Amino acid sequence: QLTMSLNSSALLNEENSQEPKRNSEGLERLELQTPSSFQDNPLQQLQLASQEVLEKAKKSGRSKCPRCSSSRMFYCYTCFVPVETVPTKEIPTVKLPLKIDIIKHPNETDGKSTAVHAKLLAPDDVTIYKYPCIPEYQEKRHEIALIFPGPNSVSVKDIAFHLQKYSKKSCGNDDDCSKEPFLKQAKLEPKEEEKNLNECISRNRSEGTRLKKIIFIDSTWNQTNKIITDERLQGLLQIELKTRKTCFWRHQKGKPDTYLSTIEAIYYFLVDYHQEILKENYKGQYDNLLFFFSFMYTLIKNAKCCAGKE
């Protein structure tokens, strides 16, 4: 199945997988006891809560969803809740610095999407919409950005510069200060010119921290065109994650390894945002967003090893 950077992942077949070494304490550094061929696992340095609850659930097999009673492994991907064998209190909760909307294509298979991971782990900050039922964003476009690669997309570090163009109060007036050089707008004394220019630059940089919401699209590559061309998403600042490589176990051949699964895209964006925009040292604050993803990754890698595929 063809997938793209912002889109679907797949639930693994847990039945034939070997379990990873248990973590005994919450929020300790993950130590993956894997064969030598997997020592380059890029997820092994994550600071994750104990995954013992997932290991126990794997041994128990599929369980019921507490809401719809469907048989699931780990969580229900339609109700966005853990199954009965995975107590909610044993699942980490992540607080995000901004809100996230995930727009899911109606034909995207629920069970193959990692978007649900974000909802499970950051329930207060993540909302999942099934296209075409999505909000109107135009009036808030000065505080919203869309994660999507394209000719007009910018990097995370350039959010502040570009978002100020959408702000109604950019440079202290209603005009876009990028339209005309600042020094030509008024005749000021040299010191006053420098002061006002510095204030404008500082204000523009602060626009990045005024970002309130990020939109992600959850679909296959072939399905994205219908969503990205929707008039409700036109005119939004687009951001592209160009430097991260996927660990997704169903990454399609012939596509760049910078095409990430949905949960990877969310995680890496937040790490970059934390460092580039908030200007704070990253200390694993969002690592638990990969709580389910990293567990599945390890199971599948071990299963492939045992099957002699790697």
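The shown structure was predicted, so the numbers you read here are calculated from the model rather than taken from an experiment. Each chain carries its own residue numbering, running from 1 in the written order of its sequence. Residues qualify for local features only when their pLDDT is at least 70, as the model is predicted, and side-chain atom pairs are given and counted only at 80 or more; totals for whole chains, interfaces and linings, by contrast, use all residues. Side-chain numbers come from the whole structure's heavy atoms, not from hydrogens or water.

Asker: Is there a simple way to explain the overall build of the protein in this structure?
Answerer: Under the scheme used here, helices are H or I runs from DSSP no shorter than 4 residues and strands are E runs no shorter than 2 residues, and both carry numbers assigned from the N terminus. Scanning the protein from terminus to terminus reveals 7 helices and 11 strands. Using a 1.4 Å probe on the protein chains alone, a residue whose accessible area is under 20% of its type maximum counts as buried, one over 50% counts as exposed, and one in between counts as partly exposed. Among the 310 residues that make up the protein, the fraction classed as buried is 50%. Any pair of residues with heavy atoms lying within 4.5 Å of one another is described as a contacting pair. The long-range fraction of contacts in the protein, counting pairs at least 24 apart against all pairs at least 6 apart in sequence, stands at 75%. Per-residue and other accessible areas follow the Shrake-Rupley method at a 1.4 Å probe size, with only the shown protein chains counted as cover for residues. About 15,600 Å² of surface is accessible on the protein, with carbon and sulfur atoms providing 45% of the total.

Asker: Just checking my understanding: could you explain helix α6 (residues 262-276) for this structure?
Answerer: A turn of α-helix holds 3.6 residues, and therefore any two residues three or four places apart point the same way. Spanning 15 residues, α6 covers 21 Å between terminal C-alpha atoms, matching the ideal 21 Å at 1.5 Å per step. Among the 15 residues that make up α6, 13 are buried, leaving the element largely enclosed by the rest of the structure. To estimate the expected span of a helix, count its residues, drop one, and scale the result by 1.5 Å.

Asker: Where do I start with helix α7 (residues 291-306) in this structure?
Answerer: Under the 1.5 Å per step criterion, the end-to-end length of α7 is 23 Å for 16 residues, consistent within 8% with the ideal 22 Å. Buried within α7 we find Phe291, Phe292, Phe293, Ser294, Phe295, Met296, Tyr297, Thr298, Leu299, Ile300 and Asn302. Where α7 is buried, its residues contact β2 (47-48), α1 (52-60), β5 (75-76), α2 (115-121) and α6.

Asker: Teacher, can you tell me more about the pattern of salt bridges here?
Answerer: Side chains that differ in sign of charge can pair as their charged atoms come close. Salt bridge, as used here, is a side-chain nitrogen of Lys or Arg placed within 4 Å of a carboxyl oxygen of Asp or Glu. All told, the structure shown has 7 salt bridges when counted by the stated rule. Residues Lys99 and Asp125 are paired through a salt bridge, measuring 2.8 Å at the closest nitrogen-oxygen approach. Within this pair, whereas Lys99 is found in strand β7 (residues 99-104), its partner Asp125 is found in the loop between α2 and β8 (126-130), the two being separated by 26 residues in sequence. The class of Lys99 is partly exposed, set by a relative accessible area of 37%. We note a salt bridge from Lys213 to Asp101, for which the minimum N-O separation is 3.4 Å. Of this pair, Lys213 sits in strand β10 (residues 213-218) while Asp101 sits in strand β7, placing them 112 residues apart in sequence.

Asker: How do you make sense of the nonpolar core when you look at a structure like this?
Answerer: Across soluble globular proteins, you tend to see nonpolar side chains buried next to one another. Residues enter a nonpolar core if they are buried and are Ala, Val, Leu, Ile, Met, Phe, Trp, Tyr or Cys, with the set joined through side-chain atoms within 4.5 Å. Membership of the largest hydrophobic core comes to 60 residues, with the highest contact counts inside it found for Phe269, Leu289 and Phe292. No other element matches α6, which puts 9 residues into this core. Two domains each provide a minimum of three residues to this core, namely domain 1 (54-85) and domain 2 (92-163 + 209-309). Among the nonpolar cores identified, the runner-up in size contains 13 residues, and Ile103, Tyr131, Leu146 and Ile227 belong to it. Domain start and end points were adopted from an automatic or database domain assignment.

Asker: Explanation requested: the sheet that holds β7 in the structure shown.
Answerer: The strand order across the open sheet formed by 5 strands is β8-β7-β10-β9-β11, and the pairing between neighbours is parallel. In this open sheet, the two edge strands, each paired with only one partner strand, are β8 and β11 (237-239). Taking each pair of neighbouring strands and ignoring which way they run, the sheet shows an average axis angle of 25°. Strands are labelled as partners when DSSP assigns at least two bridges between them. In this structure, β7 lies alongside β10, joined through 6 bridges in parallel fashion. When the sheet's bridge partners are listed, Lys99 is paired in β10 with Lys213. Lines fitted to C-alpha atoms define the axes here, with helix axes fitted over just the stretch in contact, and angles between the N-to-C directions of these axes take values from 0 to 180 degrees.

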